[in-house]
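The primary structure of each chain is shown beneath.
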Amino acid sequence: MVRVLEAKGIWKVYETAATRVEALRDVSVKINQGEMVAVMGPSGCGKTTLLNCLSGLDEVSVGEVFVEGVSIFEGDDTLRTKVRREQLGFIFQSFNLIPVLSALENVEMPLQLNSAEPNSKAIRKKALNALEKVGLKDWASHRPAELSGGQQQRVTIARAYVHEPGLLLADEPTGNLDTETGTKILDLLVELNKELNITMLIVTHDKEVSKRCSRILEMRDGRIHKDTQNILEEE
Ligand SMILES: Nc1ncnc2c1ncn2[C@@H]1O[C@H](COP(=O)(O)OP(=O)(O)OP(=O)(O)O)[C@@H](O)[C@H]1O
Ligand SMILES: [Mg+2]
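The rules behind each value
Residues numbered from 1 in each chain as written. Chains lettered and ligands numbered in written order. Predicted model: local features only at pLDDT ≥ 70, side-chain atom pairs only at ≥ 80, totals over all residues. Heavy atoms only, no water. Helix = DSSP H or I, 4+ residues; strand = E, 2+ residues; numbered from the N terminus. Rg over C-alpha atoms; globule rule 2.2 N^0.38 Å. Buried < 20%, exposed > 50% of the residue type's maximum accessible area, 1.4 Å probe, protein only. Contact = heavy atoms within 4.5 Å. Lys, Arg positive; Asp, Glu negative; His and termini not counted. Charge placed at Lys NZ, Arg CZ, Asp CG, Glu CD. Pairing = 2+ DSSP bridges. pLDDT = per-residue confidence, 0-100. Near = heavy atom within 4 Å. Polar contact = N/O pair within 3.5 Å; in protein donor to acceptor, adjacent residues only side chain to side chain. Areas by Shrake-Rupley, 256 points an atom, 1.4 Å probe, with all protein chains shown as cover. Nonpolar A, V, L, I, M, F, W, Y, C, P; charged D, E, K, R; others polar. Axes fitted to C-alpha atoms, helices over the stretch in contact; angles between N-to-C directions. 1 Å grid on protein atoms, 1.4 Å probe; cavity = no way out; pocket = protein on both sides within 12 Å on 5 of 7 lines; lining within 4 Å. Points joined across faces, edges and corners; volume = space filled by probe spheres on them.

Could you give an account of the overall build of the protein chain, with specific residues and numbers?
When helices and strands are counted, the protein chain shows seven helices and ten strands. What you see for the protein chain is a C-alpha radius of gyration of 18 Å, in line with the 18 Å of a compact globule of 235 residues. Projecting the C-alpha coordinates of the protein chain onto the three principal axes gives extents of approximately 45 × 45 × 35 Å. Burial status across the protein chain gives 49% buried among its 235 residues. Within the protein chain, counting contacts between residues at least 6 apart in sequence, those at least 24 apart form 68% of the total. Looking at charge distribution, the protein chain has the averaged site of its 29 positive side-chain charges lying 1 Å from that of its 35 negative ones.

Please give an account of the pairing of strand 1 (residues 5-15) that cites residues and values.
Relative to strand 2 (residues 20-31), strand 1 runs antiparallel, the two being bridged by eight bridges. Looking at the pairing, V13 lines up with E22 of strand 2. Adjacent in sequence and paired antiparallel, strand 1 and strand 2 are bridged by four residues. Here strand 1 runs beside strand 4 (residues 62-67); their pairing, made up of five bridges, is antiparallel. Residue pairing across strands places A7 opposite V65, the latter belonging to strand 4.

Residues and numbers for the confidence of the model for the protein chain, please.
Summing up the model confidence of the protein chain, the mean pLDDT is 91 and the portion of residues at 70 or higher is 98%. The secondary structure element of the protein chain with the lowest average pLDDT is helix 2 (residues 78-87), at 81, and the one with the highest is strand 9 (residues 215-220), at 98.

Quick one: what's the story with the environment of I98, residue by residue and with numbers?
Topologically, I98 is positioned in the loop between strand 6 (88-91) and helix 3 (103-113). Sequence separation between I98 and A170 is 72 residues, and the spatial gap between their C-alpha atoms is 18 Å. Once residues lying within four places of it in the same chain are set aside, the contact partners of I98 are N106, M109 and P144.

Run through the environment of V13, naming residues and quoting values.
Relative to the elements of secondary structure, V13 occurs in strand 1. Those residues in contact with V13, other than ones at most four positions away along the chain, are R20, V21, E22 and S61.

An account of the site of ligand 1 is requested, with residue identities and associated values reported.
The environment of ligand 1 is made up of Y14, V21, A23, P42, S43, G44, C45, G46, K47, T48, T49 and H205. Between ligand 1 and the protein, one listed contact pairs an oxygen atom with a backbone N or O atom of G44 at 2.8 Å. K47 places a polar side-chain atom, nitrogen or oxygen, 2.7 Å from an oxygen atom of ligand 1. Within the complex, the protein chains bury 58% of what would otherwise be the 640 Å² of accessible surface of ligand 1. Ranked by residue count, the leading element in the shell around ligand 1 is helix 1 (residues 47-54), at three residues. Considered class by class, the residues forming the shell around ligand 1 number five nonpolar, six polar and one charged.

Summarise the sheet that holds strand 8 (residues 199-203); cite the residues concerned and give the values.
Reading across the sheet, the six strands line up as 6-7-8-3-9-10 and stay open at both edges, with mixed pairing between neighbours. If you trace the sheet from one side to the other, it starts and ends with strand 6 and strand 10 (223-229), each paired once. The mean inter-strand angle of the sheet, taken between neighbouring strand axes irrespective of direction, is 15°.

Got a sec to walk through the layout of surface pockets? Specific residues and values, please.
One simple way to see leftover space: roll a probe sized like a water molecule over the atoms. There is about 460 Å³ of room inside the largest pocket. Taken together, 18 residues make up the lining of the largest pocket; nearest its centre are F90, F92, P110, L113 and R159. Contributing elements (two or more residues each) for the lining of the largest pocket: helix 2, strand 6, helix 3 and helix 5 (149-161). In terms of residues, the lining of the largest pocket owes the most to one element, helix 3, which gives four residues. Residues of the lining of the largest pocket, tallied by class, amount to nine nonpolar, six polar and three charged.

Any chance you could break down helix 1 for me, citing the residues and the numbers?
Note that an α-helix has 3.6 residues per turn; residues three or four places apart therefore point the same way. When you tally the buried positions in helix 1, you get seven out of eight residues, the bulk of the element. G56 lies just past helix 1 and shows a positive phi near 80°.

Rendered as structure tokens:
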């Protein structure tokens, strides 16, 4: 089970004929098992880029990323795809749900990609359990458009977590939600972190989110500018 993520000297440079953007500049960081880490910083400082590189969605320009000690950019991208599908979960700000599929079918997707029997009862059961965990069992047959923003975000959390990854990466998971709904989503993430010991990396602008994380990385101009342990108040 993958729970530890490490970047060593990573750079990400976006180059076109006219411009060159150094989105990440020599970032080294280790995310330890069970941590709940907030990534903060002004718009354009490289937060999403860091998340995408750490997860292997994007290739780094220089440097290495280790998932549980294994370098994911070595060789072709088979390993990266495998790591992503089996061991990481993603939550995006814009939900990224497939509009023509029901909530349940959306949650089944990652399991189906990994399975020789995509229509098995076992998959359906797991997906239903995940929907129950996020409080949406009764909404299984609804399509995304028939759900509220908070409910859609719950579906994406169920989808991210259904294959029981050791690590969850979230980009502004509460960014599109009102405060009350955002708090509920945050409660759910904290619960997954604590109960299931899922390591979490959360990009956020929201102080209410970072307050509840065990560690805060502050980025500036493509670098980690500050790395602080957060003393959490007892609940
Ligand atoms: N595909 C791309 N091509 C060129 N430049 C890019 C690309 N993606 C990101 N960038 C640039 O890299 C820098 C970092 O972008 P990134 O999306 O990581 O910022 P961010 O911290 O997530 O910002 P925000 O808070 O607005 O989401 C920015 O200057 C951005 O313009
Ligand atoms: Mg971003």
